[in-house]
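What follows is the residue order along each chain.
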Amino acid sequence: MKETATITVNGKTFELPIITGSEGERAIDISGLRQKSGLITFDPGFANTANCQSDITFVDGERGILRYRGIPVEQLAEHSTFVETAYLLINGELPTKEQLNGFSVLLNDHSLVHEDMRAFFENFPRSAHPMGILSSMVNALRAFYPEIPERTEEEEINITVTRLLSKVRTMAAMSYKIFRGHKVVYPRHDLTYPANFLNMMFDSPVRPYHIDEDLVKALNIFWIVHADHEQNCSTAAVRLVGSARVNLYAAISAGICALWGPLHGGANQAVVEMLESIQKNGGDVAPFIARARDKNDPFRLMGFGHRVYRTYDPRARIMKKACDRVLNKMTQRDPLLDIARRLEEVALSESYFIERHLYPNVDFYSGILLRALGIPLNMFTVMFAIGRLPGWISQWKESIDDPMWKMCRPRQIYIGPNEREYVPIGERG
Ligand code: ACO
């Protein structure tokens, strides 16, 4: 017999179906509640509401689990590459050798950006935030690469997905080079996806960039652990905007805007800013730990704690390893990285943090890793956006194929004034 829930309002009982996910999560299906009872539900921030059924990513914050299409993120970080993980997320299965080669060739073929787009990059003010530039330019891609009526819908989607994955990386590096007034470096067919990105960022005619495979591996890992995190704010934005059936570029552009927010993608930047402020104050972490513990001080240690993970964030564990590997091979010590290590040590042994399960989160280590890779601070969130692209794309694809699809249109509880008369301007007090 199917499990149901009943709610009773003013003596009337309504029966609602319960749906169960493949990992045992249960939800009351309230989609028919308004029709049956005239009642709606109230859930600010959708904190208790599932907006869809999804077979892409599983997160269990209590047990510290993150899996893409069933595969633990730890295994992907160890054995996979970002490109292979992107294929898995978007297509549902790991690729065969031929499929992976084909996908890599396509990414290479689509990695150039229309030359006319350079004019846009060149004319943004130097002070423009790279996330603002990226969201505008992703939206502009539709103008440069319009739909071709001869293509089937499937062909159109496939080419758009490939363009996005490939060009966003090129555009991010291009905007950095133009911002610095440097010569733009073009993608190379002989480099892997992350190696190409590092080369486009840091190669210069006067100082050729030496590709270090350990840094490439670390960047692969950074992007793999950021590739999807089910219905977070930016992914929900992609699904919501996409539900109006806009083109994929516009939906992804909306996701980039949501990720820009300091409460979402901006935390890795906040970690480094906090470390800089510790350095400016003499480098002693103790006063900052004391402030974090002080109930009367709103200060929080950036990069510690997580809304969903009440145990160690599995991504943080992976990032810490990657970070340690990179830091250990650096010949020149970065004083900020030393401060980070001291902070981590103290916080992991302090009862305040232990009792509240405040472990370092993925942003703590990713801020440090990105700095070690030489990524400028204001591009940290752009790095997150490149990593999150496969997640946004796969969630968008799933939503447009969903038989239960509906345009997102939440309801509200109106609490404004009741009907009143219009008062002509001369009679208003
Ligand atoms: N530093 C010091 N104390 C903290 C911190 C912190 N970073 N985070 C939580 N606490 C304390 C709270 O003061 C609270 O203490 P109390 O029980 O004595 O009142 C207790 O821990 C529980 O905190 P909540 O506010 O219930 O935790 P919540 O789930 O609301 O917050 C959040 C999670 C927003 C991530 C929080 O830990 C935080 O602000 N961290 C710093 C910012 C950060 O790193 N964000 C990135 C998250 S990862 C990501 O988004 C990819």
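Residues numbered from 1 in each chain as written. Predicted model: local features only at pLDDT ≥ 70, side-chain atom pairs only at ≥ 80, totals over all residues. Heavy atoms only, no water.

Peer 1: Can you walk me through the overall build of the chain in this structure?
Peer 2: When you go through the chain residue by residue, the secondary structure sums to 18 helices and six strands. Taken over the C-alpha trace, the chain has a radius of gyration of 24 Å; the compact-globule value for 429 residues is 22 Å, and the two agree within 12%. In terms of overall dimensions, the chain has a C-alpha envelope of 75 × 65 × 65 Å along the principal axes. Of all intrachain contacts in the chain linking residues separated by at least 6 positions in sequence, the fraction that spans at least 24 positions is 71%. Carbon and sulfur atoms make up 53% of the accessible area of the chain, which totals about 23,200 Å². (Helix = DSSP H or I, 4+ residues; strand = E, 2+ residues; numbered from the N terminus. Rg over C-alpha atoms; globule rule 2.2 N^0.38 Å. Contact = heavy atoms within 4.5 Å. Areas by Shrake-Rupley, 256 points an atom, 1.4 Å probe, with all protein chains shown as cover.)

Peer 1: Please explain the packing of helix H6 (residues 130–144) against helix H18 (residues 380–401) as it appears in this structure.
Peer 2: Between two packed helices, both the angle of their axes relative to each other and the distance between the axes serve to describe the pair. The interhelical angle for the contact between H6 and H18, taken along N-to-C directions, is 35°, at an axis separation of 8 Å. Between H6 and H18, the contacting residues are Pro130, Met131 and Leu134 on the first element and Thr381, Val382 and Ala385 on the second. When grouped by side-chain class, the residues that make up the contact of H6 with H18 number five nonpolar, one polar and no charged. (Axes fitted to C-alpha atoms, helices over the stretch in contact; angles between N-to-C directions. Nonpolar A, V, L, I, M, F, W, Y, C, P; charged D, E, K, R; others polar.)

Peer 1: Hey, could you run me through empty space enclosed by the protein in this one?
Peer 2: Over the atoms a probe the size of a water molecule is rolled, and this reveals where empty space is left. Evaluation of the coordinates by the stated rule reveals six cavities of 30 Å³ or more. What lines the largest cavity is a set of 14 residues, and nearest its centre among them are Arg126, Ala128, Ile133, Ser175 and Phe179. Listed by contribution, the elements that provide at least two residues to the lining of the largest cavity are helix H5 (118–123), H6 and helix H7 (153–180). At four residues, H7 tops the list of elements feeding residues into the lining of the largest cavity. In terms of residue class, the lining of the largest cavity is made up of ten nonpolar, two polar and two charged. By volume, the second largest cavity amounts to about 80 Å³. Lining the second largest cavity, in full, are Ser111, Leu112, Val113, Glu115, Arg118, Thr170, Met174, Val184, Val185, Tyr186 and Pro187. The class makeup of the residues in the lining of the second largest cavity is seven nonpolar, two polar and two charged. (1 Å grid on protein atoms, 1.4 Å probe; cavity = no way out; pocket = protein on both sides within 12 Å on 5 of 7 lines; lining within 4 Å. Points joined across faces, edges and corners; volume = space filled by probe spheres on them.)

Peer 1: Can you help me understand the environment of Val113 in this one?
Peer 2: Topologically, Val113 is positioned in the loop between helix H4 (97–109) and H5. Here the alpha-carbon distance between Val113 and Lys177, two residues 64 residues apart in the chain, equals 14 Å. If we ignore the near neighbours within four places in the chain, the residues touching Val113 are Tyr145, Lys167, Thr170, Met171 and Met174.

Peer 1: I keep staring at the packing of aromatic side chains and nothing clicks. Help me out?
Peer 2: Between two aromatic rings, the relevant description is the distance of the centres plus the angle of the planes. If you walk through the whole model with that rule in mind, you get 14 aromatic pairs. Between Tyr87 and Phe103 the ring centres are 5.4 Å apart and the planes differ by 75°, which places this aromatic pair in the edge-to-face class. With a gap of 16 residues between them, Tyr87 in helix H3 (residues 82–91) and Phe103 in helix H4 connect regions that are remote in the sequence. With 5.6 Å between their ring centres and 80° between their planes, Tyr193 and Trp223 make a pair best called edge-to-face. With Tyr193 in helix H8 (residues 193–202) and Trp223 in helix H9 (residues 213–225), this pair connects stretches of sequence that are 30 residues apart. Put simply, the rings of Phe304, Tyr352, Phe353, Phe364 and Tyr365 touch in pairs and so form one group of aromatic residues. (Phe/Tyr/Trp six-rings, centres within 6.5 Å; stacked < 30°, edge-to-face > 60°.)

Peer 1: Would you mind going over a negative patch on the surface with me for this structure?
Peer 2: Taken together, the side chains of Glu153, Glu154, Glu155 and Asp401 present a region of like negative charge at the surface. Looking at the negative patch, the element that brings in the most residues is H7, giving three residues. Relative to the helices and strands, Glu155 is located in helix H7. A relative accessible area of 43% means that Glu155 is categorised as partly exposed. (Patch = residues over 30% accessible without salt bridge, like charges linked within 9 Å, V, L, I, M, F, W, Y side chains within 5 Å. Salt bridge = Lys/Arg side-chain N within 4 Å of Asp/Glu carboxyl O. Lys, Arg positive; Asp, Glu negative; His and termini not counted. Charge placed at Lys NZ, Arg CZ, Asp CG, Glu CD. Buried < 20%, exposed > 50% of the residue type's maximum accessible area, 1.4 Å probe, protein only.)

Peer 1: Help me understand the site of the ligand in this model?
Peer 2: The environment of the ligand is formed by 18 residues, the closest being Lys295, Leu301, Gly303, Phe304 and Tyr352. In the environment of the ligand, an oxygen atom lies 2.6 Å from a nitrogen or oxygen atom belonging to the side chain of Lys295. The separation between a nitrogen atom of the ligand and a polar side-chain atom of Tyr352 is 2.9 Å. A total of 930 Å² of accessible area belongs to the ligand in isolation, and the protein chains cover 72% of it. Looking at the shell around the ligand residue by residue, the classes come out as eight nonpolar, four polar and six charged. (Near = heavy atom within 4 Å. Polar contact = N/O pair within 3.5 Å; in protein donor to acceptor, adjacent residues only side chain to side chain.)

Peer 1: Sorry if this is basic, but what is going on with the sheet that holds strand E6 (residues 71–72) here?
Peer 2: The pairing of strands in a sheet comes from backbone hydrogen bonds and takes either a parallel or an antiparallel form. Pairing in this open sheet of three strands is antiparallel, and the strands run E4-E5-E6 from one edge to the other. Each having just a single partner strand, strand E4 (57–60) and E6 make up the two edges of the open sheet. The pairing of strand E5 (residues 65–68) with E6 spans two bridges and is classified as antiparallel. Pairing of Tyr68 across the sheet is with Ile71, part of E6. (Pairing = 2+ DSSP bridges.)

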